Amino acid sequence: MAIERTFSMIKPDATKRNLTGAITKVFEDNGLRVVASKRVWMSKREAEGFYAVHKERPFFGELVEGMTSGPTVVQVLEGENAILKNREIMGATNPADAAEGTIRKTYALSIGENSVHGSDAPETAAQEISYWFSGTEIVG
Ligand code: ADP
Ligand code: MG
């Protein structure tokens, strides 16, 4: 298995509840290393651009509203099989379907306010990392 990098966000519903440290600890306890991290307050334009793949979905307006409602912690996580591993640690999109012990089962409020984002494939990981970080901001 290869060392990979994935893109992660601790979403506003979680930062508002002061869960940045608690969620980051779950990544670290599962062998993922935070190699870049910053706190941003997304503009509407940034949120729409990041989630452009979902722009025709009925929840797009709600999603952009949530992501611009407070600070987000954007991070790059590195480790063995990081992309899939992070998706497992996060749990299902809807916390009602998420497995016991996952971040979304523990912390998410609803399918919309589900506390974390994680890239779903190598191509999206590379694209999402470069959307938020320049090469010099990533220190492995
Ligand atoms: P994931 O974040 O698990 O990759 P998706 O890519 O399908 O999930 O959706 C992106 C985000 O859009 C979700 O994390 C969630 O915040 C929001 N979302 C998805 N489906 C819904 C829905 N049915 N209602 C409200 N918000 C949703
Ligand atoms: Mg997704």
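Along each chain, residue indices are assigned from 1 in the same order as the chain's sequence is written. Going through the entries in the order they are written, you letter the chains from A and number the ligands from 1. The predicted nature of this model means local features are confined to residues of pLDDT at least 70 and side-chain atom pairs, given and counted, to a pLDDT of 80 or more, with totals for whole chains, interfaces and linings taken over all residues. No hydrogens and no water enter the side-chain calculation; it runs on all heavy atoms of the structure.

Looking at an unreviewed UniProt entry, the protein carries the name Nucleoside diphosphate kinase, with the source organism given as Hoeflea halophila. UniProt positions are given in the numbering used here, feature names are shortened, and annotations may be inferred rather than shown by experiment. Quoted verbatim from the Subunit (unreviewed entry) heading of the UniProt record, the comment on the protein is "Homotetramer." Regarding the protein, the UniProt comment filed under Function (unreviewed entry) reads as follows: "Major role in the synthesis of nucleoside triphosphates other than ATP. The ATP gamma phosphate is transferred to the NDP beta phosphate via a ping-pong mechanism, using a phosphorylated active-site intermediate."

Engineer: Sorry if this is basic, but what is going on with the overall build of the protein here?
Structural biologist: To qualify as a helix, a DSSP run of H or I must reach at least 4 residues; to qualify as a strand, a run of E must reach at least 2; elements of each kind are numbered from the N terminus. For the protein, the helix and strand inventory stands at seven helices and four strands. Starting at the N terminus and ending at the C terminus, the protein contains elements arranged as β-α-α-β-α-α-β-α-α-β-α. Throughout, the radius of gyration refers to the C-alpha atoms, and the reference size of a globule is 2.2 Å times the residue count to the power 0.38. At 14 Å, the protein has a C-alpha radius of gyration in line with the 14 Å of a compact globule built from 140 residues. Residue burial in the protein is summarised as follows: out of 140 residues, 44% are buried. Within the protein, counting contacts between residues at least 6 apart in sequence, those at least 24 apart form 78% of the total. For every residue, the accessible area (1.4 Å probe, protein chains only) is compared with the maximum for its type, and the residue is labelled buried under 20%, exposed over 50%, or partly exposed between those bounds. Any two residues whose heavy atoms approach within 4.5 Å at even a single point are treated as in contact.

Engineer: Please explain the UniProt feature "domain: Nucleoside diphosphate kinase-like" (unreviewed entry) in the protein as it appears in this structure.
Structural biologist: When the UniProt feature table is mapped to this numbering, "domain: Nucleoside diphosphate kinase-like" (unreviewed entry) covers residues 3–140. When the span residues 3–140 is considered, its composition is 39% helix and 20% strand, and the gap between its end C-alpha atoms is 11 Å.

Engineer: What am I meant to see in the pairing of strand E1 (residues 3–10) here?
Structural biologist: Every regular strand shows the same layout, with side chains that alternate between the two sheet faces. Any two strands between which DSSP finds at least two bridges are classified as paired. In this sheet, strand E3 (residues 72–80) lies alongside E1 in antiparallel orientation, the contact comprising eight bridges. The residue bridging serine 8 from the neighbouring strand is glutamine 75, located in E3.

Engineer: Looking at this model, I keep getting lost on the site of ligand 1. Mind explaining?
Structural biologist: In the region of ligand 1, the neighbouring residues are Lys11, His54, Phe59, Glu62, Leu63, Arg87, Thr93, Arg104, Ile111, Gly112 and Asn114. Polar contacts, as used here, are pairs of N or O atoms within 3.5 Å; protein pairs need one atom able to donate a hydrogen and one able to accept it. Residues neighboring in sequence count only if both atoms are side-chain atoms. Within the side chain of histidine 54, one N or O atom sits 3.0 Å away from an oxygen atom of ligand 1. Only the protein chains shown count as cover for residues, with accessible areas throughout obtained via the Shrake-Rupley method and a probe of 1.4 Å. Isolated, ligand 1 exposes 530 Å² of accessible area, and the fraction of that covered by the protein chains is 81%. Amino acids outside the nonpolar list (Ala, Val, Leu, Ile, Met, Phe, Trp, Tyr, Cys, Pro) and the charged list (Asp, Glu, Lys, Arg) are all regarded as polar, and Gly is one of them. Across the shell around ligand 1, the residue classes break down as three nonpolar, four polar and four charged. For this description, a residue counts as near a given molecule or strand if any of its non-hydrogen atoms is within 4 Å of it.

Engineer: Even after reading the chapter, I still don't get the sheet that holds E1, so can you show me in this structure?
Structural biologist: For sheets, the rule is that strands pair by backbone hydrogen bonds, running either parallel or antiparallel. Judged by pairing direction, the sheet is antiparallel, and its four strands sit side by side in the order E2-E3-E1-E4 without closing on themselves. The sheet terminates laterally at strand E2 (33–40) and strand E4 (116–118), the two strands that pair on one side only. In this sheet, neighbouring strand axes are inclined to one another by 20 degrees on average, regardless of whether the strands run parallel or antiparallel. Inspection of the sheet shows E1 paired to E4 by three bridges, in the antiparallel sense. For helices, the fitted axis covers only the stretch in contact; all axes are lines through C-alpha atoms, and the angles between them, taken along N-to-C directions, range from 0 to 180 degrees.

Engineer: What is the right way to read the UniProt feature "active site" (unreviewed entry) in the protein from this model?
Structural biologist: Mapped onto this numbering, the UniProt entry gives "active site" (unreviewed entry) at His117. Among the secondary structure elements, histidine 117 is positioned in strand E4. Given the relative accessible area of 11%, histidine 117 is considered buried. Ignoring any residue separated from it by four or fewer positions in sequence, one finds histidine 117 in contact with Phe7, Ser8, Met9, Lys11, Phe50, Tyr51, Asn86, Met90, Arg104 and Glu128.

Engineer: I keep staring at the packing of aromatic side chains and nothing clicks. Help me out?
Structural biologist: Centre-to-centre distance and the angle between the planes together describe a pair of aromatic rings. Two aromatic rings, drawn from Phe, Tyr or Trp (for Trp, its six-membered ring), form a pair once their centres lie within 6.5 Å of each other, and the interplanar angle then sorts them: stacked below 30 degrees, edge-to-face above 60, tilted otherwise. Under the definition given, this model contains four aromatic pairs. Seen in terms of ring centroids, phenylalanine 50 and tyrosine 131 are 5.8 Å apart; in terms of plane orientation they differ by 65 degrees. Their pairing is edge-to-face. Highlighted residues: phenylalanine 50 in helix H3 (residues 44–50) and tyrosine 131 in helix H7 (residues 122–132), separated in sequence by 81 residues. Overall, the relative accessible area of 9% leaves phenylalanine 50 in the buried class. Centroid distance tyrosine 131 to tryptophan 132: 5.3 Å. Interplanar angle 70 degrees. Geometry classified as edge-to-face. With a relative accessible area of 9%, tryptophan 132 lands in the buried category. Each member of the aromatic cluster is reached from another via a ring pair, and the members are Phe7, Phe50, Tyr51, Tyr131 and Trp132.

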